[in-house]
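One letter stands for each residue in the lines below.
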Amino acid sequence: MSELTVLDPIEKLFTNARGQICDKFRVNKMKRKLRIIGDITSLTEEQFVGSFGSDSARIVGNRLRKNEMDFRPVEDSVLYREGVVDADFRIRLYSIGVGSLAKLTKLTLAQFLHYLARLRESRRIKYGSGTTVPQFGALNIARLEHVMFENGFSFRNGSLTVADLTMLGNNRDGSPTGRNMVNSHDVASGQPVFDGVRRKRLLLARRKRLLEEFAGIEVELASLG
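Rules used throughout
Residues numbered from 1 in each chain as written. Predicted model: local features only at pLDDT ≥ 70, side-chain atom pairs only at ≥ 80, totals over all residues. Heavy atoms only, no water. Helix = DSSP H or I, 4+ residues; strand = E, 2+ residues; numbered from the N terminus. Buried < 20%, exposed > 50% of the residue type's maximum accessible area, 1.4 Å probe, protein only. Contact = heavy atoms within 4.5 Å. Areas by Shrake-Rupley, 256 points an atom, 1.4 Å probe, with all protein chains shown as cover. Phe/Tyr/Trp six-rings, centres within 6.5 Å; stacked < 30°, edge-to-face > 60°. Axes fitted to C-alpha atoms, helices over the stretch in contact; angles between N-to-C directions. Parallel < 35°, antiparallel > 145°, perpendicular 65-115°, else oblique. Left-handed = near helix turned anticlockwise from the far one by under 90°. Nonpolar A, V, L, I, M, F, W, Y, C, P; charged D, E, K, R; others polar. Core = buried A, V, L, I, M, F, W, Y, C linked by side-chain atoms within 4.5 Å. Patch = residues over 30% accessible without salt bridge, like charges linked within 9 Å, V, L, I, M, F, W, Y side chains within 5 Å. Salt bridge = Lys/Arg side-chain N within 4 Å of Asp/Glu carboxyl O.

**Student:** Any chance you could explain the overall build of the protein here in plain terms?
**Tutor:** From N to C terminus, the protein includes 11 helices and four strands. Taken along the three principal axes of its C-alpha coordinates, the protein extends 65 × 60 × 30 Å. A buried classification covers 38% of the 225 residues belonging to the protein. Within the protein, residue pairs in contact and separated by at least 24 positions form 57% of the contacts whose partners lie at least 6 positions apart. In the structure as shown, the protein presents an accessible area of about 13400 Å², 53% of it carried by carbon and sulfur atoms.

**Student:** How should I be thinking about helix H3 (residues 45–52) in this particular structure?
**Tutor:** Helical geometry: 3.6 residues make up each α-helical turn, so side chains three or four residues apart lie on a common side. Those residues of H3 that fall on the buried side of the exposure criterion are Glu-46, Phe-48, Val-49, Gly-50 and Phe-52. Elements that come into contact with the buried residues of H3 comprise helix H1 (24–31), helix H2 (37–41), helix H4 (54–66) and helix H6 (87–95). Just beyond H3, the residue with positive phi is Gly-53, at close to 95°.

**Student:** Any chance you could explain the packing of aromatic side chains here in plain terms?
**Tutor:** We describe a pair of aromatic rings using the distance from one ring centre to the other and the angle between the two ring planes. Counting across every chain of the model gives seven aromatic pairs. With a centroid separation of 5.4 Å and an interplanar angle of 50°, the aromatic rings of Phe-48 and Phe-71 are classed as tilted. One end of the pair, Phe-48, is in helix H3; the other, Phe-71, is in the loop between H4 and helix H5 (78–82), with 23 residues separating them in the sequence. The exposure class assigned to Phe-48 is buried, which follows from its relative accessible area of 0%. The exposure class assigned to Phe-71 is buried, which follows from its relative accessible area of 8%. Measuring from centroid to centroid gives 5.2 Å for Phe-149 and Phe-194, while their planes differ by 65°, and the two rings are edge-to-face. Of the two residues, Phe-149 sits in helix H9 (residues 138–150) while Phe-194 sits in the loop between strand S4 (192–193) and helix H11 (196–223), which places them 45 residues apart along the sequence. Looking at Phe-149, the relative accessible area reads 13%, which means it is buried.

**Student:** Looking at this structure, I do not really get the packing of H3 against H4. What am I missing?
**Tutor:** When two helices pack together, their arrangement is captured by the angle between the axes and the distance separating the axes. Where H3 contacts H4, the axes come no closer than 7 Å and their chain directions differ by 130°. By the angle between their directions, the pair H3 and H4 is classed as oblique. Between H3 and H4 lies a crossing of right-handed hand. Where H3 approaches H4, its residues Glu-45, Phe-48, Val-49 and Phe-52 are matched on the opposing element by Ser-54, Ser-56, Ala-57 and Val-60. Of the residues contributing to the contact of H3 with H4, the split by class is five nonpolar, two polar and one charged.

**Student:** Teacher, can you tell me more about the nonpolar core here?
**Tutor:** Nonpolar side chains in soluble globular proteins generally cluster together in the buried interior. Counting residues in hydrophobic clusters, the biggest one holds 25 residues, and the most contacted among them are Phe-112, Phe-136 and Leu-144. Broken down by element, the residue count for this core peaks at six residues, all from helix H8 (residues 109–120). In this structure Leu-144 touches Phe-89, Leu-93, Leu-101, Leu-104, Phe-112, Phe-136 and Phe-155, once residues within four positions along its chain are discounted.

**Student:** Would you explain a nonpolar patch on the surface in this entry?
**Tutor:** On the surface, Leu-211, Phe-214, Ile-217, Leu-221 and Leu-224 cluster together into a nonpolar patch covering about 520 Å² of accessible area. Among the secondary structure elements, Leu-224 is positioned in the segment after H11.

Structure (structure tokens):
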């Protein structure tokens, strides 16, 4: 049996046979958000990656499994159950502190953009040329809007400012500034405006999800007699 328990402090996961704590820098970084080993095992590996990176997840995962523990299965995550099927995009959402689409529906798009603006300077990706871009920019916001629409979620209505429209890659009238893949927006409501082809594709994806959900309900009802 494992000598460690979920109630032990996370330092014990990194303690060697001589009682010394290995990799103190990694431990101290984790301690800003986590306290005990159970705080780690309550997360899926994707959630951990979103907060601490893939290298830390690999190291921590190996140490957990050596002690007969592990992360929670991905099927337990709220985003997975809500229909966010792309693992990389789930990790991208976790990295900005988003763990549920349903919780986003309590915000207007403008409020979400203001939240992103506070993260942007500390959450930027730097390329070899020295150029930096926001970790969650206009293209990812557009993708989030697609995923939310496909799964029956939306931000609350709320008007957009010029600064908001700039973050979305939009002109003052809510139209895209170029030939990129960002969405148009209704300036007064803040809701994305999808063209006919894109809206049809998103609606077909939503219908497919709902039909699969209904089929599962029918199977369960049949099994109950």
